[in-house]
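Residues per chain, in single letters:
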Amino acid sequence: AWFDRWREEHEAARSGVILMDMSFMSKFLVQGGDAGRVLDHISANAVNGAAGRVTYTQWLNEGGTIEADLTVTKLADDRFLVVAADTAHRHVEQWLRRHIPSEAHVSVTDVTSAYAQVNVQGPRSRELLQRLTSADLSNAAFPFRGAREIDIGMARVLCLRITYLGELGYELYIPAEQAVPTYDRLVEEGASVGLRHAGLKALASLRMEKGYRDYGHDIDNTDSVLEAGLGFAVDLSKPAGFIGREA
C-alpha cells in the first residue's frame, strides 16, 4: 500500500500538483545594517544582490568542505531569511553566530516555530495558487528564485518560487496563527486541480531524479563543494571573498 501511495504522489508531482508540509525546516531571520555583508562572507555564493531573490548556497569551512547546504533569501537590504534542513538546525545557527564579527550590526532570530512552511509543487502549482491570490504569479512577474509577499485569503504569506523537486513550485511561509485556515483554503481549492498530499519518500525520489544533493546523504563536511558538483553555487568573483575561498 505504501508503494502505491508513493507512486501516486511521485506522479502527481511530475504531472499535477502536490502539497507538502515542510514546517520542520529550520528558519532564521538575520537582520541589521551589516547582515548582507556578513552573510555574503559566510556564503560561497553571492547572496547580497537585489532584494526579493532566493539564493542557493553552501557554507564552507576554511578547508573548502561543506558545513551547510541551504538557501538565503534577501527580503530587504537589512533583512534576510536563512532556511536549512531540520537536522542542521543547531549547527547552522551556531555556525552563523560564531562567524558574526563582534562589531557587526547583525541579529539572528530563530523563527522556525513562528512560520509554517507549506510547499506547493508541480506543473499545476501556479494554476492553483493563482486562483487563491491577487498577486501576479506569471513567469514574467514572478520568475524563478523570486520572493515576495502574497495574499491567500486573510493571510499575508511569504512566497518563494523555488523547488527541490525539479518542477515548477513554491514555498509558502505562513505566520503560525494563519497556517490552518491557509492550509484549508489550499486543500479546498486544490480539489479542483487534483491536489495530492505528498511526503518525504516522494521528495527523496524526485530530488534524486533531478540530481539535487541532500546534506547527510550525498554530501557532508568531508566533501569539497567543487568535488560535489556544486561549483555553480560558488561565486569566486566576490571582491570580499568568502570562508573557504582559498581552499
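Residues numbered from 1 in each chain as written. Predicted model: local features only at pLDDT ≥ 70, side-chain atom pairs only at ≥ 80, totals over all residues. Heavy atoms only, no water.

Undergrad: Could you give an account of the sheet that holds strand β6 (residues 107–110), with specific residues and numbers?
TA: The 5 strands are arranged β3-β4-β5-β2-β6 in an open sheet whose pairing can be described as antiparallel. If you trace the sheet from one side to the other, it starts and ends with β3 (53–60) and β6, each paired once. The average angle at which neighbouring strand axes cross in this sheet is 25°, direction not considered. Sheet topology note: the strand β2 (residues 26–31)/strand β5 (residues 79–84) ladder contains 6 bridges and is antiparallel. Looking across to β5, one finds that Lys-27 is bridged to Val-83. (Pairing = 2+ DSSP bridges. Helix = DSSP H or I, 4+ residues; strand = E, 2+ residues; numbered from the N terminus. Axes fitted to C-alpha atoms, helices over the stretch in contact; angles between N-to-C directions.)

Undergrad: I'd love a proper account of the packing of aromatic side chains, names of residues and values included.
TA: This model, assessed by the stated rule, comprises 3 aromatic pairs. Measuring from centroid to centroid gives 6.1 Å for Phe-142 and Tyr-170, while their planes differ by 70°, and the two rings are edge-to-face. Taken together, the residues Phe-142 in the loop between α4 (125–130) and β8 (147–152) and Tyr-170 in strand β10 (residues 169–175) connect sequence positions 28 residues apart. We classify Phe-142 as buried; its relative accessible area is 1%. (Phe/Tyr/Trp six-rings, centres within 6.5 Å; stacked < 30°, edge-to-face > 60°. Buried < 20%, exposed > 50% of the residue type's maximum accessible area, 1.4 Å probe, protein only.)

Undergrad: I'd like a description of the sheet that holds strand β7 (residues 115–121), backed by residues and values.
TA: Taken in spatial order, the 6 strands make up an open sheet running β8-β9-β10-β7-β1-β11, and their pairing is mixed. Among the strands making up the open sheet, the edge pair consists of β8 and β11 (196–197). In the packing of helix α5 (residues 179–190) onto the sheet, the strands contacted are β1 (18–21), β7, β8, β9 (155–160), β10 and β11, and the crossing angle to β10 comes to about 145°. (Contact = heavy atoms within 4.5 Å.)

Undergrad: How would you explain the nonpolar core if you had to name every residue and give the values?
TA: Residues Val-120, Leu-128, Leu-129, Ile-152, Val-157, Leu-172 and Leu-186 are the most contacted members of the largest nonpolar core, which totals 24 residues. Mapped by element, the contributors of at least two residues to this core are β7, α4, β8, β9, β10 and α5. Formed by 23 residues, the second largest nonpolar core is a distinct cluster that contains Phe-28, Val-72, Ala-88 and Ile-243. (Core = buried A, V, L, I, M, F, W, Y, C linked by side-chain atoms within 4.5 Å.)

Undergrad: Describe α5, and please don't skip the residues or the numbers.
TA: Here α5 spans 16 Å end to end across 12 residues, near enough to the 16 Å set by a 1.5 Å rise per residue. Within the sequence span of α5, burial applies to Ala-179, Thr-182, Leu-186 and Gly-190. Summarising the axial view, the buried residues of α5 lie within an arc of 75°, below the 170-degree limit, and thus occupy one face. Exposed side chains of α5 directed beyond 90 degrees from the buried face belong to Val-180 and Glu-188. Summarising the contacts, the buried residues of α5 are in contact with β1, β7, α4, β8, β9 and β10. (Expected span 1.5 Å × (residues − 1). Arc of directions from axis to C-beta.)

Undergrad: Give a detailed account of the layout of surface pockets, specifying residues and quantitative values.
TA: Each pocket or cavity is described by its volume, and for the largest pocket that value is around 1,100 Å³. Lining of the largest pocket is provided by 42 residues; of these, Met-25, Asp-69, Tyr-164, Arg-213 and Asp-214 occupy positions nearest its centre. Going through the elements one at a time, β3, β4 (66–76), β5, β7 and α6 (200–210) are the ones with two or more residues in the lining of the largest pocket. For the lining of the largest pocket, the per-class residue count stands at 23 nonpolar, 11 polar and 8 charged. Approximately 250 Å³ is the volume found for the second largest pocket. Taken together, the elements giving at least two residues each to the lining of the second largest pocket come down to β2, β5, β8, β9 and β10. Residue classes in the lining of the second largest pocket are distributed as 10 nonpolar, 1 polar and 5 charged. (1 Å grid on protein atoms, 1.4 Å probe; cavity = no way out; pocket = protein on both sides within 12 Å on 5 of 7 lines; lining within 4 Å. Points joined across faces, edges and corners; volume = space filled by probe spheres on them. Nonpolar A, V, L, I, M, F, W, Y, C, P; charged D, E, K, R; others polar.)

Undergrad: So what about unusual backbone geometry? Which residues, and what values?
TA: Of note, the phi angle at Arg-145 is positive, near 75°, even though the residue is not glycine. Within the secondary structure, Arg-145 is located in the loop between α4 and β8. For Arg-145, a relative accessible area of 27% gives the class partly exposed.

Undergrad: Kindly report on the pairing of β8, identifying the contributing residues and their values.
TA: Strand direction decides the pairing type here: β8 and β9, joined by 6 bridges, are antiparallel. Opposite Arg-148, over in β9, you have Cys-159 as the bridge partner. Hairpin connection from β8 to β9: 2 residues lie between these consecutive antiparallel strands, with Gly-153 at a positive phi of about 65°.

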